[in-house]
Amino acid sequence: MALPPHTRSTQLDFPTAQRYKSFMPYSSSTQNLLDGLTEPQRQAVTHIDGPLLVLAGPGSGKTRVITHRAAYLAWTATQPHHILAITFTNKAANEMAQRMQQLDVGRGLTCATFHSFCARMLRIHAERANLRPNFSIFDQADQVAAMAEAVARTGLSKENFPPARILNKISAAKNEMISWQQYADDAYDWQEKRIADLYAAYETVLAEQNALDFDDLLTKTALLLGNDPELRDQLQQRYRYILVDEYQDTNHAQYLIARGLALDHENLCVTGDPDQSIYAWRGANLHNILQFEEDFPNAVVVRLEQNYRSTPQILTAADAVISHNRKRKEKKLWTANNDGPAVAVTECQDGHTEAAYIASQIRQHVDAGGTFSGIAIFYRVNWLSRNIEHALLQARIPYQVARGVAFYGRKEIKDTLAYLKLVANPADRVALTRIINVPTRGIGKTTVDRLLNFAAQTDRPILDILSNPKEIPDVSRAAKHLQSFANLMTGIAQTAETNSIQDTLEYVVRYSGLLAMWNKDTDKEALGNVHELISAATEYDQQHADGSGSLTDWLQQISLVGDVDAIDHQLGAVTLMTLHAAKGLEFDTVFIAGVEAGLLPHERSNNERADLEEERRLCFVGMTRAERSLTLTSAHWRNVHGIIRRTARSLFLTELPKDSVTWLNIGQEGKTVDHDDDGQRPASANDYLTWQKGQLVRHPTHGIGRVLWIRPASQGTYAGIHFAAEGEKTLVLEYAKLELIEPDELP
DNA sequence: GGTCCAACATTTTTT
DNA sequence: ATGTTGGACC
């Protein structure tokens with residue numbers, strides 16, 4: 001079959017493009033792409049021009065559809081470099097690029113996250129966006145530092161205006177594309193007006209430092225596309241086919257970007273699942289996917305509802321939970337997969353028991369021939385990983401924690417990188433103040449203040465002033481220290497100029513005195529982490545041996561790593577991550593820990609139904625990651641902030657179906673406690689079975705009371721308790737915060 | 001200007 | 001329970 005003529009001619013416009021595979025026989029290559037696809041999948045893959053919405057339930061082969069569709073486009077309609085695929089994580093982007101190569105499509109396809117794509121665009125088109133191409137990207141901590149400065153400048157107190165909280169509000173505004181001017185116009189009371197002031201001041205602080213925060217990457221790109229039709233045309237010429245994955249989690253700015261890039265050709269394909277929307281708290285707007293058909297009236301809609309991932313048991317359980325959401329589009333998930341084991345719910349005595357139980361289950365699974373890398377443990381909050389890590393360590397089970405962001409947030413890593421960031425962007429004051437005296441080199445707070453003041457007054461680059469420190473008023477004794485710091489920075493800059501990033505990093509660590517400092521502190525952990533950083537740099541150097549890399553690019557890549565990007569499936573280790581990070585992944589065996597009231601659903605989101613529904617979706621996402629085996633665990637007692645608290649059963653556990661779920665109670669020693677056998681669901685939490693009439697208990701508000709009777713029922717364990725002040729009360733033991741009092745504890 | 005200790009928050013989820 | 005910050009003291 002002949003190729004459309006326009007695809008050939010465009011090759012001249014883009015000389016870097018790989019050879020066009022017109023010599024490949026059309027029929028065999030495209031046939032391979034369609035082999036083994038179901039009808040709806042095939043429909044999505046072969047759709048070429050015009051908007052396309054793929055509503056894809058969990059495990060419905062969405063990734064396969066996306067990659068095959070991109071390949072199909074590249075074979076039949078266009079060249080790879082006209083295709084832009086936006087994924088949710090860098091890892092997904094890399095995997096997609098890899099798969100495209102396996103499909104022999106050729107290079108040139110752009111796979112990126114929204115953030116990395118935007119950062120790239122803003123550097124290339126910096127002048128048009130009113131930026132300098134070497135801008136810094138500020139992470140959470142940098143943003144807090146910048147905001148702290150803004151607060152100080154505005155003359156407000158950090159106590160009344162905590163930087164982190166203000167940043168949340170400003171981030172929400174930016175996601176909605178609300179500028180500081182507009183925010184000021186909309187401010188309706190004193191508090192809001194001050195926040196508007198801070199927004200403005202914060203923007204100034206960032207601009208002075210040639211810095212953008214994460215949200216700026218999106219908003220500035222969206223603005224650029226909106227205000228610069230010439231550039232938008234240029235980009236639309238380049239990116240003729242656009243795919244956006246996980247569309248249910250896009251915010252308004254991301255929506256504008258996707259729409260802006262596809263404004264004229266409308267070749268926008270979005271995929272997602274409203275039931276897996278879990279990022280509303282950071283501005284994700286479910287309307288984007290729900291109203292896609294109104295946005296693009298000639299949109300084709302494809303539904304992928306057959307699940308290829310999970311057993312019927314897992315799918316039934318997950319579906320039972322999610323069907324409790326009222327605000328949702330009904331969807332029938334089904335699978336032709338073989339039966340597997342029942343979904344397990346294991347209620348444990350406490351967090352240690354829970355962790356030990358998971359470890360022992362993993363041992364058992366691997367002894368029976370399973371692999372570590374097929375296992376994942378999810379949790380709602382990061383701190384839950386502590387117990388589990390401890391238990392895995394003791395059981396000698398290899399594990400990895402998806403914590404890319406936390407790694408780059410470590411002090412020693414941030415310190416090391418700050419030297420490089422300062423070289424890449426000398427205006428980066430946050431980086432400068434971070435390391436000017438780390439390790440200590442006799443430059444104290446007063447000196448730094450004088451330096452910054454002088455720089456602000458004279459409006460000269462700080463590094464210039466540093467090289468001539470005697471010009472700074474009132475700085476005499478510290479001048480020579482400033483001078484040597486300036487020399488150090490010059491040395492690093494020169495090294496960076498001509499050497500690999502690895503070499504530059506090693507230069508920094510050695511000549512800055514950081515290495516000596518860590519050695520002195522016998523801070524083995526810091527050293528290890530920095531070695532890891534250096535290996536990351538080595539890897540980058542190797543990947544860019546052709547000279548395509550740069551310091552700015554490396555720093556950018558690091559700024560935009562996500563938690564999941566850190567995991568390596570080849571490692572042969574159990575994977576630990578938050579439920580949020582688990583999106584899009586799949587594992588043979590999944591444990592979800594801490595499935596208890598207050599944790600999942602999280603107590604901070606109990607107030608509104610919308611929040612509760614998002615928690616339920618989160619639970620749904622976690623459950624549907626499992627292919628064969630799914631275990632939900634909880635603890636009756638949970639150590640929070642060092643205080644041991646009684647927990648209640650999670651609402652979501654009560655929503656599980658009666659069939660295909662087995663319940664288990666684990667006592668302190670990890671032994672199975674007998675549980676009632678009236679069916680599939682336990683009638684009571686079994687540690688209460690040891691409670692007896694006449695025992696004394698303490699209630700947080702009612703005080704001390706005596707147990708009159710206990711009666712297990714299907715909804716929980718009921719007990720009549722006589723309190724001195726209020727007489728007899730009937731309480732549900734699972735929900736009342738009762739503590740057992742030992743007789744010898746009393747006066 | 002540097003060091004040490006006590007008070008303090010910290011824990012929702014993240015690019 | 002743990003890590004960070006700020007203030008007192010050297």
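Residues numbered from 1 in each chain as written. Chains lettered and ligands numbered in written order. Predicted model: local features only at pLDDT ≥ 70, side-chain atom pairs only at ≥ 80, totals over all residues. Heavy atoms only, no water.

**Q** Quick rundown of the overall build of chain A? Include the residues and the values.
**A** In terms of regular secondary structure, chain A is built from 30 helices and 24 strands. Put simply, 73% of the contacts in chain A that link residues at least 6 apart link residues at least 24 apart. Accessible area of chain A: about 34,000 Å², with a carbon and sulfur share of 49%. (Helix = DSSP H or I, 4+ residues; strand = E, 2+ residues; numbered from the N terminus. Contact = heavy atoms within 4.5 Å. Areas by Shrake-Rupley, 256 points an atom, 1.4 Å probe, with all protein chains shown as cover.)

**Q** Quick rundown of the protein's contact with DNA strand B? Include the residues and the values.
**A** Around DNA strand B lies a shell of 24 residues, among which R380, V405, T446, T447 and R604 are the nearest. Among the atoms of DNA strand B close to the protein, meaning within 4 Å, 58% are from sugar or phosphate groups. Take R282: an N or O atom from its side chain is 3.3 Å from a sugar or linking oxygen of DNA strand B. Contact between DNA strand B and W383: a base oxygen at 3.0 Å from a side-chain N or O atom of the residue. Of the residues that constitute the surface near DNA strand B, the class distribution is 7 nonpolar, 13 polar and 4 charged. (Near = heavy atom within 4 Å. Polar contact = N/O pair within 3.5 Å; in protein donor to acceptor, adjacent residues only side chain to side chain. Nonpolar A, V, L, I, M, F, W, Y, C, P; charged D, E, K, R; others polar.)

**Q** Outline the packing of aromatic side chains, supporting the account with residue identities and numerical values.
**A** Two aromatic rings, taken as a pair, are described by how far apart their centres are and by the angle between their planes. Here the structure, examined in full by the defined rule, presents 10 aromatic pairs. Plain terms: the ring middles of F292 and F296 are 4.9 Å apart, the flat faces sit at 35 degrees to each other, and that makes the pair tilted. The pair formed by F292 and F296 is uniform in burial state, with each residue classed as buried. Ring geometry for F407 versus Y408: centroids 5.0 Å apart, planes at 90 degrees, classification edge-to-face. Per residue, the accessibility class of F407 equals that of Y408, and both read buried. Linked through ring pairs, F88, Y279 and W281 together constitute an aromatic cluster. In this structure, R123 packs its charged tip against the face of F135, placed 4.0 Å from the ring centre. Here the basic side chain of R282 rests over the ring of Y279, its NZ or CZ set 4.2 Å away from the ring centre. (Phe/Tyr/Trp six-rings, centres within 6.5 Å; stacked < 30°, edge-to-face > 60°. Buried < 20%, exposed > 50% of the residue type's maximum accessible area, 1.4 Å probe, protein only. Lys NZ or Arg CZ within 6 Å of the ring centre and 35° of its normal.)

**Q** Can you tell me about the sheet that holds strand β6 (residues 241–244), naming the residues and giving the values?
**A** Here 6 strands make up an open sheet; going across it, the order is β3-β2-β6-β7-β1-β8 and the pairing parallel. The open sheet has two free edges, formed respectively by β3 (110–113) and β8 (300–304), since each of these has just one partner strand. The average angle at which neighbouring strand axes cross in this sheet is 15 degrees, direction not considered. Here strand β1 (residues 52–56) runs beside strand β7 (residues 268–272); their pairing, made up of 4 bridges, is parallel. Its bridge partner being in β7, L52 is matched across the sheet by C269. Contacts between helix α5 (residues 90–102) and the sheet are confined to β2 (83–87) and β3, with β3 contributing the most and set at about 170 degrees to the helix. (Pairing = 2+ DSSP bridges. Axes fitted to C-alpha atoms, helices over the stretch in contact; angles between N-to-C directions.)

**Q** I'd like a description of helix α25 (residues 501–511), backed by residues and values.
**A** The complete set of buried residues in α25 reads I501, T504, L505, V508 and V509. The buried side chains of α25 occupy one side of the element, clustering within an arc of 135 degrees when seen end-on. Its buried side turned inward, α25 meets α20 (411–424), α24 (479–498), α26 (514–520), α27 (524–543) and α28 (551–559). Remark: G513 follows α25 within two positions and exhibits a positive phi of approximately 90 degrees. (Arc of directions from axis to C-beta.)

**Q** Which residues make up the packing of α20 against α24, and what values go with them?
**A** Interaxial distance between α20 and α24 falls to 10 Å at its minimum, and their mutual angle equals 75 degrees. Considered as vectors, α20 and α24 are oriented roughly perpendicular to each other. Of the residues in α24, those touching α20 at Y419, L420, L422 and V423 are F485, L488, M489, I492, A493 and A496. Across the contact of α20 with α24, the residue classes tally to 10 nonpolar, no polar and no charged. (Parallel < 35°, antiparallel > 145°, perpendicular 65-115°, else oblique.)

**Q** So what about the packing of helix α11 (residues 214–227) against helix α13 (residues 252–261)? Which residues, and what values?
**A** Axis separation between α11 and α13 bottoms out at 9 Å; the angle between their running directions is 35 degrees. Two packed elements cross with a definite hand, and for α11 against α13 that hand is left-handed. Contacts between α11 and α13 pair L218, T219, T221, A222 and L225 from the former with A253, Q254, L256, I257 and L261 from the latter. Along the lines of polarity and charge, the residues of the contact of α11 with α13 split into 7 nonpolar, 3 polar and no charged. (Left-handed = near helix turned anticlockwise from the far one by under 90°.)

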